[in-house]
Structures are given as structure tokens and as C-alpha cells.
Amino acid sequence: MDTDAPWLVVGLGNPGREYAGNRHNVGFFVADLLASRMGTKFGRHKRAHADVAEGRLANQEGRIGGGPRVILAKPVTYMNLSGAPVTALAQFYKVPVENILAVHDELDLPYGQVRAKRGGGEGGHNGLRSISKSLGTKEYARVRFGIGRPPGRQDPADYVLSDFGAAERKELDFLVDRAADVAEAVVLEGVEWAQNRFHALSG
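For the structure given in this document, a descriptive report is provided here. Quantities reported herein were computed from a predicted structural model and do not represent experimental measurements.

About the thresholds
- Along each chain, residues carry numbers from 1 onward, in the same order as the chain's sequence is written.
- The predicted origin of the model limits local features to residues at a pLDDT of at least 70 and limits the giving and counting of side-chain atom pairs to 80 or more, whereas totals for whole chains, interfaces and linings rest on all residues.
- Only hydrogens and water are set aside; all other atoms, that is, all heavy atoms of the structure, feed into the side-chain values.
- Secondary structure elements follow DSSP: runs of H or I of four or more residues count as helices, runs of E of two or more count as strands, with numbering from the N terminus.
- The atom set for the radius of gyration is the C-alpha atoms, and the globule formula is 2.2 Å times the number of residues raised to the power 0.38.
- With a 1.4 Å probe rolled over the protein chains alone, any residue whose accessible area is under 20% of its type maximum counts as buried; one over 50% counts as exposed, and the rest are partly exposed.
- In the cavity and pocket records, a cavity denotes points on a 1 Å grid over the protein atoms alone where a 1.4 Å probe fits but cannot get out, a pocket denotes an open set with protein on both sides within 12 Å along at least 5 of 7 lines, and lining residues are residues with an atom within 4 Å of a point.
- Grid points are joined across faces, edges and corners, and a volume is the space filled by probe spheres set on the points.
- Note that Gly is not counted as nonpolar here; it falls among the polar residues with everything else outside the nonpolar set of Ala, Val, Leu, Ile, Met, Phe, Trp, Tyr, Cys and Pro and the charged set of Asp, Glu, Lys and Arg.
- Here, a salt bridge means any side-chain nitrogen of Lys or Arg that lies within 4 Å of a carboxyl oxygen of Asp or Glu.
- Geometry is summarised by axes, namely lines fitted to C-alpha atoms with helices restricted to the contacting stretch, and by angles between N-to-C directions that run from 0 to 180 degrees.
- Comment on the angle field: the value is read as roughly parallel under 35 degrees, roughly antiparallel over 145, roughly perpendicular from 65 to 115, and oblique elsewhere.
- Throughout, a crossing is termed right-handed when the near helix is turned clockwise from the far one, and left-handed when it is turned anticlockwise from it by less than a right angle.
- Here, two residues are considered to be in contact whenever any of their heavy atoms come within 4.5 Å of each other.
- Working definition: a ring pair exists when centres of Phe, Tyr or Trp rings (six-membered ring for Trp) sit within 6.5 Å. Plane angles under 30 degrees give stacked, over 60 give edge-to-face, the rest tilted.
- Nonpolar cores were defined as sets of buried Ala, Val, Leu, Ile, Met, Phe, Trp, Tyr and Cys residues, with membership established by side-chain atoms within 4.5 Å.

Quick word on the overall build of the chain
Logical step 1: Check the secondary structure of the chain and you find 6 helices and 7 strands.
Logical step 2: Beginning at the N terminus, the succession of helices and strands in the chain can be written as β-α-β-β-β-α-β-β-α-β-α-α-α.
Logical step 3: A compact globule built from 203 residues would reach a C-alpha radius of gyration of about 17 Å, and the chain, at 16 Å, matches this within 12%.
Logical step 4: Principal axes of the C-alpha set define a box for the chain whose edges measure 50 × 35 × 30 Å.
Logical step 5: Within the span of the chain, comprising 203 residues, buried residues form 53% of the whole.

Overview of empty space enclosed by the protein
Logical step 1: Tallying each qualifying case throughout the model produces 1 cavity of 30 Å³ or more.
Logical step 2: Volume-wise, the largest cavity comes out at about 40 Å³.
Logical step 3: Within the residue set of the lining of the largest cavity, elements represented by two or more residues are α1 (26-38), β4 (69-75) and α5 (166-189).
Logical step 4: Ranked by residues supplied to the lining of the largest cavity, first place goes to α5 with 3 residues.
Logical step 5: Partitioned by chemical class, the residues of the lining of the largest cavity number 8 nonpolar, no polar and 1 charged.

Side note on unusual backbone geometry
Logical step 1: Positioned with a positive phi, K94 is a non-glycine residue whose angle comes to about 60°.
Logical step 2: The residue K94 is located in the loop between α2 (83-93) and β5 (100-106) in this model.
Logical step 3: Take K94: its relative accessible area is 66%, and that puts it in the exposed class.

So, the pattern of salt bridges
Logical step 1: Taken as a whole, this structure holds 10 salt bridges when the rule is applied.
Logical step 2: Salt-bridge contacts for R37 lead to D177; the nearest nitrogen and oxygen are separated by 2.8 Å. Here D177 lies in helix α5 and R37 lies in helix α1, a separation of 140 residues in the sequence.
Logical step 3: Taking relative accessible area as the criterion, D177 reaches 32% and is therefore assigned partly exposed.
Logical step 4: In this structure, R149 engages D108 in a salt bridge whose closest nitrogen and oxygen atoms are separated by 2.6 Å. Residue R149 is located in the loop between β7 (141-146) and α4 (156-160), and its partner D108 is located in the loop between β5 and β6 (114-118); the two are separated by 41 residues in the primary sequence.
Logical step 5: Given the relative accessible area of 49%, R149 is considered partly exposed.
Logical step 6: Shared partners join several salt bridges into a network, and the residues in it are R37, D177, D181 and E184.

Quick notes on the packing of α1 against α5
Logical step 1: α5 packs onto α1 with a crossing angle of 70° between their chain directions and a minimal axis gap of 9 Å. When the interaxial angle is binned, α1 and α5 end up roughly perpendicular. Where α1 crosses over α5, the two elements pack in a sense that is right-handed. Each of V26, F29, V30, L33, L34 and R37 in α1 lies in contact with α5, whose residues at this interface are L172, V176, D177, A179, A180, D181, A183 and E184.
Logical step 2: Its residues assigned to classes, the contact of α1 with α5 comprises 10 nonpolar, no polar and 4 charged.

Focus on the packing of aromatic side chains
Logical step 1: Throughout the structure, instances matching the rule amount to 5 aromatic pairs.
Logical step 2: Summarising the aromatic geometry, the rings of Y111 and F164 are spaced 5.9 Å apart at their centres and angled 50° between planes, so their arrangement reads as tilted. Separated by 53 residues along the polypeptide, Y111 in the loop between β5 and β6 and F164 in the loop between α4 and α5 bring together distant segments of the chain.
Logical step 3: By relative accessible area, which is 4% here, F164 ends up buried.
Logical step 4: An aromatic cluster is defined as three or more aromatic residues linked by ring pairs; in this entry it consists of F29, Y111, F145 and F164.

Describing the nonpolar core
Nonpolar side chains in soluble globular proteins tend to be buried together.
Logical step 1: Core analysis: the biggest nonpolar cluster contains 36 residues, and V9, V70, L72, L101, V143, F145 and V186 have the highest contact counts within it.
Logical step 2: The element best represented in this core is α5, accounting for 10 residues.
Logical step 3: Beyond its immediate sequence surroundings of up to four residues, V186 is in contact with W7, L101, A116, A141, V143, V191 and A194.
Logical step 4: The next biggest cluster of nonpolar side chains, apart from the first, holds 20 residues, and it includes L8, L12, V95 and L128.

Structure, rendered in C-alpha cells:
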């Protein structure tokens, strides 16, 4: 692994005001928080359909900007077309697959659970499916933000495109903060370290 290679951290979501508060857009929430922590702002990339912010994380000693270089991205295609901008950015910034991290909503985890992993299936997530197809591999890292299954007989497609409920919103800022912590841990220390550090905290 190239220890000097940058990281590409992709928050997944749908562009547009009508989707802004959706469960499906929680990856955008985490990316926005990471940008704030890094003291950087998003702007439209000239070569990819994505908003991008560049900077450095604090290192293990907490020195701001002392950590690895990170490119934060929010694709401005719709979710099911996320792969093309991710691949374009990886090529533009020369990011190896092992340094790509996707942050996304996860139906198969209860609300409040945040999990890190590398590789594996997409669980029916159209954004992940598009990324895997475009990259030609599933061996990128993920931070999975649990949103739980829809109540009753609600269609999962409708559920992910609905906003968080009032009870969920009470915890949402805290959980987004935790997901950002997990993403930083993956970049700084690796997926396995992040799993050991955070999985016991969220059940």
C-alpha cells in the first residue's frame, strides 16, 4: 500500500433540495461534517460530476492538518449513477482502491448502529452497486450508517427517500458525529482498528 497516497471519502446521496433530509442522504451529512472538521468547503469538480473538498485530517496526535490528504466527494449524479464520478475522481487524484471509502445508509442495520467494513456485497444499495461496477471491484472500504427497515409494508425504496422521523432526529447529530469519527478512524488507522474501536459502542 502507498502510505503517501490520498484518500477518497465519498458521501452518498441524491442532489437537490427535495432529497436533502432523506435517510438516503446521510452520507452527505457525514461528508459535510468531515469538511467542517477539516476546515474546507465543497466546490464543483472540473472533471467529475461531484462536489469536492480537499484537505487533511488531524493526525493521531490531534494536530490539525497533520494527517493524510483527503478528498471528500458528494456525487451530483443520482444515487444509482454514483460510480462514474467516484471512478473519475480516483483516476484524477491517483487514489488506489484500498484508499476509497464510501459512507452510506444501510437498511440492514438498526437505526443508530454505525459499522465499518471492507468489500462484501452491496445489500441492494444502488449507490454501492454502481461504484462496484464502475471500479470493477468491491474491495473498497465502507462506513455503514444504520437506518433500519421500513415499518409495516412500506416499500424500502420509498422509505430511504423519506426524511428521518422526529424521534430519530433527536439522535441524528450525535450519530452523524460518530459516523464521521469512524470514517476518520478508517483513514488514520484502518478498517480493522475502526471496527475494534467503535463497533461495541453502537450495539
